[in-house]
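# Survey of secondary and tertiary structure
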Amino acid sequence: VDGFDYAENMIDRAKDNHGEVNNKFFHDNVLEPKHLNGPYDAIVCVRVLINLRDFEEQKQAIDNLVGVLKPNGRLLLLEGYIDGFE
């Protein structure tokens, strides 16, 4: 399992909370990913698109993620949920 975020402090938090045993956390940019080692069976994207500047950046992010999926892979986009309001 790979996990990445644009915010380096979130990577530090993930490492502190979960460690790296059968997974790795790293800093990357969904608009210009440099460290994704696909192909992946599935990608879960949580509250990423909502933080991008415009529709063009959102399309670019989706294209980049789909580009590292296996054929028939799944892209799950989770953009809004109750946790964001608490």
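Shown above is the structure to which this text applies.
Here's a quick rundown of the structure. (Residues numbered from 1 in each chain as written. Predicted model: local features only at pLDDT ≥ 70, side-chain atom pairs only at ≥ 80, totals over all residues. Heavy atoms only, no water.)

### Points about the pattern of salt bridges
Within the structure shown, the criterion is met by four salt bridges. Salt-bridge contacts for E32 lead to K34; the nearest nitrogen and oxygen are separated by 3.7 Å. The two residues E32 and K34 agree in class, both being exposed. (Salt bridge = Lys/Arg side-chain N within 4 Å of Asp/Glu carboxyl O. Buried < 20%, exposed > 50% of the residue type's maximum accessible area, 1.4 Å probe, protein only.)

### Description of the side chain of N64
Looking at where N64 falls in the secondary structure, it is placed in helix α2 (residues 55-66). For N64, the residues in contact, after removing those within four places along its chain, are V30, L31, E32 and P33. (Helix = DSSP H or I, 4+ residues; strand = E, 2+ residues; numbered from the N terminus. Contact = heavy atoms within 4.5 Å.)

### Regarding the nonpolar core
Grouped burial of nonpolar side chains is what soluble globular proteins tend to show. Counting 12 residues, the largest nonpolar core is built from F26, V30, L36, Y40, I43, C45, L49, L52, A61, L65, V68 and L69. Within the residue set of this core, elements represented by two or more residues are β3 (40-46) and α2. Every residue in contact with I43, bar those within four places of it in the chain, is listed here: L65, V68, L69, R74, L75 and L76. (Core = buried A, V, L, I, M, F, W, Y, C linked by side-chain atoms within 4.5 Å.)

### Details of the packing of aromatic side chains
Applying the stated rule across the entire model yields one aromatic pair. Taking 5.8 Å as the distance between ring centres and 15° as the angle between the ring planes, the aromatic pair formed by F4 and F26 counts as stacked. With F4 in strand β1 (residues 2-5) and F26 in strand β2 (residues 24-27), this pair connects stretches of sequence that are 22 residues apart. (Phe/Tyr/Trp six-rings, centres within 6.5 Å; stacked < 30°, edge-to-face > 60°.)

### Topic: unusual backbone geometry
The omega torsion across G38 and P39 is 5°, close enough to zero to call that bond cis. Residue placement: P39 occurs in the loop between β2 and β3. The backbone of R47 sits at a positive phi, close to 50°, despite the residue not being glycine. One can find R47 in the loop between β3 and α2. We classify R47 as partly exposed; its relative accessible area is 32%. The backbone of N72 shows a phi angle near 65°, a positive value even though the residue is not glycine. Residue N72 is classed as exposed on the basis of its relative accessible area of 72%.

### Points about a nonpolar patch on the surface
Taken together, the side chains of V44, V46, L76 and L78 define a hydrophobic patch exposed on the protein surface, amounting to about 330 Å² of accessible area. Elements supplying a minimum of two residues to the nonpolar patch: β3 and β4 (69-78). Mapped onto the secondary structure, L78 falls in strand β4. (Patch = residues over 30% accessible without salt bridge, like charges linked within 9 Å, V, L, I, M, F, W, Y side chains within 5 Å. Areas by Shrake-Rupley, 256 points an atom, 1.4 Å probe, with all protein chains shown as cover.)

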